[in-house]
Amino acid sequence: DVFYAHSQYAADYLNKLYNTRKYVYDESVIRRMFHYNYTEEHEQMIIFFTEPREVYVNIDIIKELLPKVKSFGKKLYLKLHPGDNKDNYKDFDIELCTNYELSLTGNICISRKSTILLEAIYNNSLPVAIITNPKDQSTFNQFPALNAKEIIKTYNVDELFEVIKRHMK
């Protein structure tokens, strides 16, 4: 009878869509689902979470973002989607982050359209969506939870980089 939504936006959206009140957002429930309690101290990292489909979109974003991040004196890390392959990124001088909990804790987490962005919210990270094409925009909009107010939406790499610069510690 009750469905716990991942964000207040999602609960409101679904309740309106289905003319009901059964969709609720309870931060304490969602926090218990998504919080990892990772406690190792580390510097804030800039991490791009890849997607296994339309890899060329990942590559285009990385190709443009990597030199900007390096010129700022920072590193860009990749966290590969389980369905992605590190060989897709062999042409880049870029480190992989293989620790899932570390990747989501205390960092700037960048993704095209993934629930990774929701997990970042509950692990003291800054979730930033990069939506560069109509297909990604359409898919992003299919998931009301991704419209949570905590997720920053950017639409090109220049905009993304400005967000990164503003939030680097």
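Colleague: Sorry if this is basic, but what is going on with the overall build of the chain here?
Modeller: Scanning the chain from terminus to terminus reveals seven helices and eight strands. Taking 15 Å as the expected radius of gyration for a compact globule of 169 residues, we find that the chain reaches 16 Å, a close match to that expectation. Within the chain, counting contacts between residues at least 6 apart in sequence, those at least 24 apart form 61% of the total. Total accessible area on the chain is roughly 9,400 Å²; 49% of this is exposed by carbon and sulfur atoms. Of the charged side chains in the chain, 22 are positive and 23 negative, and the gap between their average positions amounts to 3 Å.

Colleague: How do you make sense of the nonpolar core when you look at a structure like this?
Modeller: Most often, soluble globular proteins keep nonpolar side chains buried together rather than apart. Counting 26 residues, the largest nonpolar core has Leu-65 and Ile-110 as its most contacted members. If you list the elements that add at least two residues to this core, you get strand S3 (46–49), helix H3 (55–71), strand S4 (76–79), strand S6 (108–111), strand S7 (126–130) and helix H7 (157–167). Looking at this core element by element, the count peaks at seven residues for H3. Look past the residues within four positions of Ile-110 in its chain and what remains in contact with it is Ile-46, Ile-47, Phe-48, Phe-49, Leu-65, Val-128, Ile-130, Leu-160 and Ile-164. Membership of the second largest hydrophobic core comes to 18 residues, among which are Leu-14, Phe-34, Ala-145 and Leu-146.

Colleague: Would you take a moment to explain H7 for this structure?
Modeller: One turn of the α-helix equals 3.6 residues, which is why residues spaced by three or four share an orientation. Within H7 the residues assigned to the buried category are Val-157, Leu-160, Phe-161, Val-163 and Ile-164. Taken down its axis, H7 places every buried residue within 160° of arc, on the same side. N-cap assignment for H7: the residue whose side-chain oxygen lies 3.1 Å from the backbone N of Asp-158 is Asn-156.

Colleague: Any chance you could explain the pairing of S6 here in plain terms?
Modeller: It is a general feature of regular strands that their side chains alternate between the two faces of the sheet. Burial along S6 is two-sided: Ile-108 and Ile-110 and Cys-109 and Ser-111, pointing in opposite directions, are all buried. In terms of strand pairing, S3 meets S6 through four bridges, oriented parallel. Residue pairing across strands places Ile-46 opposite Ile-108, the latter belonging to S6. Where S6 and S7 come together, four bridges link them in parallel fashion. Paired with Cys-109 across the strands is Pro-127, a residue of S7. With helix H5 (residues 116–121) bridging S6 and the parallel S7, this β-α-β connection has right-handed handedness.

Colleague: I tried to follow the environment of Phe-161 on my own but got confused; where do I start?
Modeller: As for its placement among the helices and strands, Phe-161 is situated in helix H7. In this structure Phe-161 comes out as buried when scored by relative accessible area, which is 9%. Once the C-alpha coordinates of Phe-161 and Asn-37 are considered, the two residues, 124 residues apart in sequence, prove to be 28 Å apart. Once you skip the residues sitting within four places of it in the chain, Phe-161 turns out to touch Leu-65, Lys-68, Val-69 and Phe-72.

Cut-off values and rules
- Residues numbered from 1 in each chain as written.
- Predicted model: local features only at pLDDT ≥ 70, side-chain atom pairs only at ≥ 80, totals over all residues.
- Heavy atoms only, no water.
- Helix = DSSP H or I, 4+ residues; strand = E, 2+ residues; numbered from the N terminus.
- Rg over C-alpha atoms; globule rule 2.2 N^0.38 Å.
- Contact = heavy atoms within 4.5 Å.
- Areas by Shrake-Rupley, 256 points an atom, 1.4 Å probe, with all protein chains shown as cover.
- Lys, Arg positive; Asp, Glu negative; His and termini not counted.
- Charge placed at Lys NZ, Arg CZ, Asp CG, Glu CD.
- Core = buried A, V, L, I, M, F, W, Y, C linked by side-chain atoms within 4.5 Å.
- Buried < 20%, exposed > 50% of the residue type's maximum accessible area, 1.4 Å probe, protein only.
- Arc of directions from axis to C-beta.
- Polar contact = N/O pair within 3.5 Å; in protein donor to acceptor, adjacent residues only side chain to side chain.
- Pairing = 2+ DSSP bridges.
- Right-handed = clockwise from strand over helix to strand, strands pointing away.

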